[in-house]
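The residues making up each chain are set out below.
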Amino acid sequence: MRIVRARPSEYDRIQRFLEDVYGHGFNYFPSAYPSVWERENTDFRNIFVIREDKKIVSLVRIFPLNTVQGGVDVDLAGIGAVSTLYSHRGKGYMGLLLQHTFEEMKKRNFPLSILGGDRHRYNNFGYEDGGRVLELNVRSRGLQKYRVRSVSAKRYAPSDKNVLRKIMSASEKQNYRKKRTLQDFEEVYKKQGIGVYYAEEGMRFAFVVVSATESGDPGIKKIMELGGNAELIPGILQHLMERFGFTGFDIIFPDIRDVPHCLLAIASSWNIRSELMIKIINLKETLELFSRQKDFLFPENEELTLTIKDKESVVISKKGGILKIICGKGKNEVALTEIEMVRLLFGTSLWVPEGIDRNVIQIVKQFLPLNIYLPRLDMI
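Residues numbered from 1 in each chain as written. Predicted model: local features only at pLDDT ≥ 70, side-chain atom pairs only at ≥ 80, totals over all residues. Heavy atoms only, no water.

Student: Talk me through the sheet that holds strand β7 (residues 133-139); I want residue IDs and the actual numbers.
Tutor: In any sheet, the strands associate via hydrogen bonds between backbone groups, in a parallel or an antiparallel arrangement. Across the sheet, which stays open at both edges, the 7 strands sit in the order β8-β10-β11-β12-β13-β7-β14 with mixed pairing between neighbours. The open sheet is flanked by β8 (154-155) and β14 (267-273), the only strands paired with a single partner. One ladder, built from 8 bridges, connects strand β10 (residues 194-201) with strand β11 (residues 204-211); its direction is antiparallel. The residue bridging E201 from the neighbouring strand is R204, located in β11. Strands β10, β11 and β12 (220-228) of the sheet are contacted by helix α7 (residues 161-171), whose axis makes an angle of about 90° with β11. On the sheet, helix α9 (residues 233-244) packs against β7, β10, β11, β12 and β13 (248-253) and is oriented at approximately 45° with respect to β11. (Pairing = 2+ DSSP bridges. Helix = DSSP H or I, 4+ residues; strand = E, 2+ residues; numbered from the N terminus. Contact = heavy atoms within 4.5 Å. Axes fitted to C-alpha atoms, helices over the stretch in contact; angles between N-to-C directions.)

Next up, the structure:
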């Protein structure tokens, strides 16, 4: 079965194909994800298809994601538009396409791949729930209790480049984010169903992006992203509640350390969970990248071998303050399957399999788990 890249001339055909597979309305994908699915933003080099009788019957797309994770540049390979015509399912086409994309990722030196999906569907391909978000639940009661003053917020207009530059500047100060150009921000904020609001007081500037999509309680809105002066944000939320009758907001952060104190104080509750599925493409490259984070605290005078069974072994050691990460096997080996290695490295909390030596547990708990975080607007 031949796997080929899609052609620009097939853009409309691809849209109709995806709408048929997912049951969406006309031009759903360009409207929902303009930054990657509008015609001029579609990268056909990363769309792989299988055809029968010149007709697309199965498709998958790689979305290269240039991100910052804990202050370190990390390129991720997002996977999306995983689709096969209903009439052609059961032929193994999606497995072939995914294996093909994994080979592409290796060639292009992506350390990790991420997607959103069902564990039962993607576990067989090495993906497991990983990374974590802390969701903060802000409700009107918390704002009232702390007597939060409403801060008048304006809605961002696409023509206002000065405001957009301030939003971009505020976003670039965050330790976990997807890198975006000014044009990227313009495209992302064209997404249907969101409102971008900002406030300025003197030299202080802050913004929030609110989802207008209802799920569960229609008065509770998701904050898709925020940034800038943290002291202004509760006041912006209070303003939006008064103006639109909202009763609360759900906001996600990569870690409790990233939650401004003023927001944590007014939160009614918070919880930690996973929002992504992760596959390790290159274990050594992954560890080398994340070891650059300031809180990667591998213990002095220790050595650890991490092995993905039937694939790759990497030795981490530290002596004299110098951290080394090399291919091969050494002391204190932990041999795991692909999905188990994701649980170890990127779990919401520390996980180790039964039977692991106590000394090894003491080593891993000092620098694991790691985290991968992607803002809601960058999820495909």
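Student: Could you give an account of the pattern of salt bridges, with specific residues and numbers?
Tutor: Here the structure, examined in full by the defined rule, presents 32 salt bridges. In this structure, E135 engages R376 in a salt bridge whose closest nitrogen and oxygen atoms are separated by 3.1 Å. Of the two residues, E135 sits in strand β7 while R376 sits in the segment after α13 (358-364), which places them 241 residues apart along the sequence. Of the two residues, E135 and R376, neither departs from the other in class, the shared state being buried. Here K284 and E288 are joined by a salt bridge, their closest N and O atoms 2.5 Å apart. Of this pair, K284 and E288 both sit in helix α11 (residues 283-290), 4 residues apart, roughly one helical turn. Residue E288 is classed as partly exposed on the basis of its relative accessible area of 24%. Several salt bridges share partner residues, and in doing so they unite R7, E10, R13 and R51 into one network. (Salt bridge = Lys/Arg side-chain N within 4 Å of Asp/Glu carboxyl O. Buried < 20%, exposed > 50% of the residue type's maximum accessible area, 1.4 Å probe, protein only.)

Student: Account for the sheet that holds strand β19 (residues 333-336), with residues named and values stated.
Tutor: With mixed pairing, the 4 strands of this open sheet are ordered in space as β18-β17-β16-β19. Single-partner strands in this sheet number two, and they are β18 (322-327) and β19. Going across the sheet, the axis of each strand differs from the next one's by a mean of 15°, ignoring polarity. The pairing of strand β16 (residues 302-308) with β19 spans 4 bridges and is classified as parallel. Bridging from a neighbouring strand, I308 pairs with L336 of β19. Against the sheet, α11 makes contact with β16, β17 (312-319) and β18, and its axis sits at roughly 30° relative to β17, the strand it touches most.

Student: Lay out the packing of aromatic side chains in plain terms, naming residues and giving numbers.
Tutor: In the structure shown here, the tally under the stated rule is 18 aromatic pairs. Relative to Y127, the ring of F102 lies with its centre 6.0 Å away and its plane at 50°, an arrangement referred to as tilted. Of the two residues, F102 is situated in helix α4 (residues 93-107) and Y127 in the loop between α5 (119-122) and β6 (128-130); the sequence distance between them amounts to 25 residues. On the accessibility criterion, F102 (4% relative accessible area) is buried. Pairing F296 with F367 gives two aromatic rings, centres 4.9 Å apart and planes at 55°, and the pair type is tilted. Taken together, the positions of F296 in the loop between α11 and β16 and F367 in the segment after α13 put the pair 71 residues apart, joining distant regions of the chain. Pair check on accessibility: F296 and F367 agree, each one buried. Linked through ring pairs, Y22, Y28, F29, Y33, W37 and F63 together constitute an aromatic cluster. (Phe/Tyr/Trp six-rings, centres within 6.5 Å; stacked < 30°, edge-to-face > 60°.)

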